[in-house]
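The primary structure of each chain is shown beneath.
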Amino acid sequence: MNPMFTLEKFRFRAFGRRAYYDIFNAVLLLILAVFVLPGWQRLGGGNMLDVVSMMTSSALLAALGMMIAWRYGSVDLSVWGVMGIGGLIAAEVLNAGGNPYIAFLAAIAGGAVVGLVNYLIIRRLYLIPSFILTFLVGTAIVVVLNMIYDVRTIFISDSAFGKLLDDTCWLLGLTADDQMNMAAPMMTVRMLTVFGVWAGVLIVFVIGDMITADTPRPFARWWVRPAALMTSGALAGIAGACWLIDHGETPVPQRPIDSLHIPAVVILSGTLLLQGRGRTLMVGICLPTAMLVVALWEQITWPIWFYG
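Owing to the predicted nature of the structure, the values given are computational and were not obtained by experimental measurement.

K.L.:
Which parts of the structure should I look at to understand the environment of Gln-275?
P.N.:
Positionally, Gln-275 belongs in the loop between helix H12 (261–268) and helix H13 (279–306). Put simply, Gln-275 and Tyr-21 are 254 residues apart on the chain and 8.7 Å apart in space, counted from C-alpha to C-alpha. Of note is the side chain of Gln-275, whose polar atom sits 3.1 Å from the backbone oxygen of Leu-272.

K.L.:
Whenever I open this one, helix H7 (residues 130–148) confuses me. Can you help?
P.N.:
Helical periodicity: at 3.6 residues per turn, an α-helix aligns residues three or four positions apart in one direction. For H7, built from 19 residues, the straight-helix expectation of 27 Å at 1.5 Å per residue is met to within 8% by its first-to-last C-alpha distance of 27 Å. Next to the buried residues of H7 lie helix H5 (79–95), helix H6 (100–124) and helix H11 (224–247).

K.L.:
Just checking my understanding: could you explain the packing of aromatic side chains for this structure?
P.N.:
In this description, an aromatic ring pair is defined by two values, namely the gap between the centres and the angle between the planes. Throughout the structure, instances matching the rule amount to 2 aromatic pairs. Geometrically, the ring pair formed by Phe-195 and Trp-198 is tilted, given 5.7 Å between the ring centres and 45° between the ring planes. Here the residue Phe-195 and the residue Trp-198 both occupy positions in helix H10 (residues 185–211), the gap between them amounting to 3 residues, near one helical turn. The partly exposed category is assigned to Phe-195, whose relative accessible area is 43%.

K.L.:
So what exactly am I meant to see when it comes to the pattern of salt bridges here?
P.N.:
A side chain of one charge can pair with a side chain of the opposite charge when the charged atoms of the two come close. Inspection of every chain in the model, using the stated rule, returns 4 salt bridges. As a salt-bridge pair, Asp-22 and Arg-279 come within 2.7 Å of each other at their nearest N and O atoms. Of this pair, Asp-22 sits in helix H2 (residues 18–42) while Arg-279 sits in helix H13; the two residues are 257 residues apart in sequence, bridging distant segments of the chain. Asp-22 gets classed as buried once you look at its relative accessible area, which sits at 12%. With a relative accessible area of 14%, Arg-279 lands in the buried category. Here Asp-246 makes a salt bridge to Arg-190, at a shortest N to O gap of 2.9 Å. Taken together, the residues Asp-246 in helix H11 and Arg-190 in helix H10 connect sequence positions 56 residues apart.

K.L.:
Could you clarify how one ought to interpret the nonpolar core in this entry?
P.N.:
General note: in soluble globular proteins, nonpolar side chains tend to be found buried as a group. The biggest cluster of nonpolar side chains holds 69 residues, and the ones touching the most others in it are Leu-64, Ile-68, Phe-104, Phe-161 and Ile-262. The dominant element in this core, judged by the number of residues it contributes, is H11, at 10 residues. Ignoring any residue separated from it by four or fewer positions in sequence, one finds Ile-68 in contact with Val-201, Phe-205, Ala-228, Thr-231 and Leu-235. Val-36, Val-51, Met-54 and Leu-292 belong to the second largest nonpolar core, which has 8 residues in total.

K.L.:
Got a minute to help me understand the packing of helix H3 (residues 48–55) against H10 in this structure?
P.N.:
When two helices pack together, you describe them by how their axes are tilted relative to each other and by the distance separating the axes. Two numbers describe how H3 lies on H10: the axes approach to 9 Å, and their chain directions differ by 45°. Between H3 and H10, the interaxial angle falls into the category oblique. Seen along the crossing, H3 lies across H10 with a hand that is left-handed. Residues Leu-49, Val-52 and Ser-53 of H3 form the contact with H10, whose own contacting residues are Met-187, Arg-190 and Met-191.

What counts, and where the lines are drawn
Residues numbered from 1 in each chain as written. Predicted model: local features only at pLDDT ≥ 70, side-chain atom pairs only at ≥ 80, totals over all residues. Heavy atoms only, no water. Helix = DSSP H or I, 4+ residues; strand = E, 2+ residues; numbered from the N terminus. Polar contact = N/O pair within 3.5 Å; in protein donor to acceptor, adjacent residues only side chain to side chain. Expected span 1.5 Å × (residues − 1). Contact = heavy atoms within 4.5 Å. Phe/Tyr/Trp six-rings, centres within 6.5 Å; stacked < 30°, edge-to-face > 60°. Buried < 20%, exposed > 50% of the residue type's maximum accessible area, 1.4 Å probe, protein only. Salt bridge = Lys/Arg side-chain N within 4 Å of Asp/Glu carboxyl O. Core = buried A, V, L, I, M, F, W, Y, C linked by side-chain atoms within 4.5 Å. Axes fitted to C-alpha atoms, helices over the stretch in contact; angles between N-to-C directions. Parallel < 35°, antiparallel > 145°, perpendicular 65-115°, else oblique. Left-handed = near helix turned anticlockwise from the far one by under 90°.

Any functional reading would require information beyond the geometric quantities listed.
Structural data, given as structure tokens:
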């Protein structure tokens, strides 16, 4: 049986029976969460703060970017390398005395440039699958970064994100005493930063769906693919910068594909299953739950086979 024919037949059925697939995807994620949460807690899992932290991991933004690129025609396997670029750019800006917001913008710009390069290469070598080309770009990023840096990790000062912490406390209405008594201040800053970026991207999709409600196939235009790849790069770049917030350091990437965590989250959230208008928004909404399920699954199963 031709696998491509089978995939197209599957996608056609998914498009024709969208409501059933929507319900199936949501119920599947809920069932998986119900199964893995108790097991994680029996193994010494933490509280609700830990759950929210896993759902708003910095990798959520990279997964969101990969999902957007995937939904609009390209499999972006350069996100791990771009996360490394974003983290290193942000660290260099911060170590030079730059503002955290400037560091974020620089990381976003660096990632968007890589996304544009991905598109130009894919357009030029259109007969080669996008996942091969973006993998080669990610590999080139790792090689170049290791040629530039002779260390494995770049550190930042403890006060590098001080302004971001102060602004977060002001946004939450916390006083100086409240800030001193916060259990995990930088983790809170990272969670809110990731949530803000994730919510902002989903709002853009809501607005886009409203504006193009009467336009047939509005996202089949020529500019959608480069925009999706640049968005994927930009989100991976800021994901690398967000890693800095509660770690205080960023690694120089050593592997073009660091783990299967991100693509597992992207697939589990319904990227390939849900079809039709508004489904990209729905997949984006499912991403944090998929992130939680994959993170808990890794924590539960890894010690079993690693320790025998």
